[in-house]
Amino acid sequence: MRQGAQYAVMSCHLMTILKRRCKSAAQIQQLHAQSITRGKFFLLLRQILHSCILSASRATNDSSNSIIDYSTNIFNRIPNPSSFDYNAIIRAHTLLRSPHTALSFLTHMRRNSVPPDSHTFPFVLKACGMLQNSLSYGKSLHAHVLKFGFMGDVFVCNALSCAYCRGGDVDGAYAVFEGSPVRDVVSYNVMIDGFVKAGEIDHARELFDEMPERDAVSWGTLLAGYAKLNRCIEAIELFDLMMDSRVKFDNVTLVSALSACSQLGKVTKGKEIHEYIERNTIKIDAYLGTALVDLYAKCGCLETAKDVFKSCCEKNVSLWNAMLMGFAMHGDGISLLQYFSRMVEEGIRPDGVTILGVLVGCSHSGLTNEARRIFANMQSVYGVQRELKHYGCMADLLARAGLINEAMEMIEKMPMGGDVFVWGGLLGGCKIHGNLEVAEEAANKVMQVKPEDGGVYSVLAHMYANSQRWDDLVKVRRLRDCRWGIRKSAGCSLIELDGVMHEFVSGDCLHPYTEEICFVLNGLELQQSEVFSWQQILH
């Protein structure tokens, strides 16, 4: 009797240690070894399995495989596993992103006549969403949910809607949502996210407006959708509504709002958000720092962008890219190359966006030799594969510098065919330097790749007019007029002054201060002409 009591006390002691102190897989395995030496192993099998689940939620990529194998071995030793045990092993494999194995345990469960419960399907449906053919499998699981009568469970319905959304069937997800007798905040959030990812932002807004209760995820998902779909005015209006409603922001929401401000050039609103971040002592991580640097750089506040960059303790490649692009946009090629060198020295590996930013900056600053060197070293030194966008930038850079033949040689050696940016960059340089022969070839290539681009016809017509080739001018205009669907996108600029946004469209004279602006521009042009004339006289 006394020996039995000691046995029970020892078992309880091991269980207590397992629950309270064993946080890692190594600690669980140590206790596992003790339970074997003390003859308590089979009593602790289920507890060890469920501790593995907690360990799986904290696992890194390096340790996940060992936890999967270990938890599977433990499960296989449990005699007559229950629904609770199956749920545990399915959850472990789902958490460790092993969906096929997770789903195979469901099959094993059904073959052994172990009935699934309401906790089984959320894990299984999450695993289903990780598969490439998730939709067909999701529909099969939907039938199982109906068969076992779990359509009244809000957690199951939410997981089912999510599985349909991940499979790209937002209508199927909405049908589940509509048929669910109980809905919570998560139910609405799943559907809002599904509609946003499907590009149906207006449907997402309708659901958002009818929600009885919203959380930060509801607001943030819709705001991110507006920003991603370039509905920036609505994004900022929603952000202001969030401020009025005193919703607690997360970094995703703040980044989306800053992105909308950046696209619209609303630097004043962006500064307000920055002040909110500082006032609430929100840590500016690399993600948030990238959005702030991008905002200030695009809105002309390069010094402020540099200050934000310097203040960020953690700098990832995206943050470096935002800063480099800022220098590139402002034509500060010297600072661009200095920061690029610092980036490499600090062990941050450049990517395709990094190299593109450096090449663009070199192009705007006339640093042709530096661009040549970096382009030549892309693969050998920086480990970045050349893409069409890099070739397009180099074609534009070389052509602008008057190196038309070198640009042509590079294009001919490309491993892939040139796109509209490659040939368009060459065409732009030909226009600057009056090289009509190469311009005709480049224009023909652009017409083949993108025949609806109206800009190429205008460039060619302009060059024919300058060369007084009137017959060719008439031909290219006729060609443009007889081709269907040709359009030319008008250039557009935005600038904020004293909190008011001013928009200027190429060829548009609707701005109320058009006459005053033209008067100042004419004055500047006259002044430049006078300065140039004096320089000619002095030399």
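Whatever comes next refers back to the structure up there.
Residues numbered from 1 in each chain as written. Predicted model: local features only at pLDDT ≥ 70, side-chain atom pairs only at ≥ 80, totals over all residues. Heavy atoms only, no water.

1. Looking at a negative patch on the surface
Argument step 1. Taken together, the side chains of E409, E412, E437 and E441 present a region of like negative charge at the surface.
Argument step 2. Those elements that place two or more of their residues in the negative patch are α24 (404-412) and α26 (436-449). (Patch = residues over 30% accessible without salt bridge, like charges linked within 9 Å, V, L, I, M, F, W, Y side chains within 5 Å. Areas by Shrake-Rupley, 256 points an atom, 1.4 Å probe, with all protein chains shown as cover. Salt bridge = Lys/Arg side-chain N within 4 Å of Asp/Glu carboxyl O. Lys, Arg positive; Asp, Glu negative; His and termini not counted. Charge placed at Lys NZ, Arg CZ, Asp CG, Glu CD. Helix = DSSP H or I, 4+ residues; strand = E, 2+ residues; numbered from the N terminus.)

2. Some words on the packing of helix α18 (residues 302-311) against helix α19 (residues 317-329)
Between two packed helices, what matters for the description is the angle formed by their axes and the separation of those axes.
Argument step 1. Two elements in contact, α18 and α19, have axes separated by 11 Å at closest approach and are oriented at 160°. Compared by their axis directions, α18 and α19 come out roughly antiparallel. In this structure, the crossing between α18 and α19 has a hand that is left-handed. Of α19, the residues touching α18 (which contributes L302, A305, K306 and F309) are L319, W320, M323, G326 and F327. (Axes fitted to C-alpha atoms, helices over the stretch in contact; angles between N-to-C directions. Parallel < 35°, antiparallel > 145°, perpendicular 65-115°, else oblique. Left-handed = near helix turned anticlockwise from the far one by under 90°. Contact = heavy atoms within 4.5 Å.)

3. Some points on the pattern of salt bridges
Argument step 1. Under the definition given, this model contains 15 salt bridges.
Argument step 2. Residues E314 and K283 are paired through a salt bridge, measuring 3.5 Å at the closest nitrogen-oxygen approach. Remark: K283 occurs in the loop between α16 (267-279) and α17 (286-298) and E314 occurs in the loop between α18 and α19; sequence separation between them is 31 residues.
Argument step 3. One salt bridge in this structure joins R400 and D396, with 2.9 Å as the shortest N-O distance. Taken together, the positions of R400 and D396, both in helix α23 (residues 388-400) and 4 residues apart, correspond to about one turn of that helix.
Argument step 4. Through salt bridges with shared partners, a single ionic network connects D202, R231 and E234.

4. Thoughts on the side chain of T290
Argument step 1. Following the sequence through the fold, T290 ends up in helix α17.
Argument step 2. Side-chain polar atoms of T290 contact the backbone nitrogen of L319, separated by 3.3 Å.
Argument step 3. Discounting chain neighbours no more than four positions away, the residues touching T290 are N316, S318, L319 and A322. (Polar contact = N/O pair within 3.5 Å; in protein donor to acceptor, adjacent residues only side chain to side chain.)

5. Looking at helix α20 (residues 333-345)
Argument step 1. Between the first and last C-alpha of α20 there are 18 Å, a value that for 13 residues agrees with the 18 Å anticipated at 1.5 Å per step.
Argument step 2. What α20 keeps buried is the set G333, S335, L336, L337, Y339, F340 and M343.
Argument step 3. Residues of α20 that are buried sit in contact with α18, α19, α21 (352-365) and α22 (368-376).
Argument step 4. Remark: G347 follows α20 within two positions and exhibits a positive phi of approximately 85°. (Expected span 1.5 Å × (residues − 1). Buried < 20%, exposed > 50% of the residue type's maximum accessible area, 1.4 Å probe, protein only.)

6. Overview of the state of the cysteines
Argument step 1. Following the criterion strictly, the structure yields 0 disulfides and no others.
Argument step 2. Free cysteine C362: the closest other cysteine sulfur is in C393, separated by 8.4 Å.
Argument step 3. You can call C362 buried: its relative accessible area is 1%. (Disulfide = S-S within 2.5 Å.)

7. Description of a nonpolar patch on the surface
Argument step 1. Side chains of I517, F519, V520, L521 and L524 sit close together on the surface and give an oily, nonpolar patch of about 500 Å² of accessible area.
Argument step 2. Structurally, I517 is set in helix α29 (residues 514-538).

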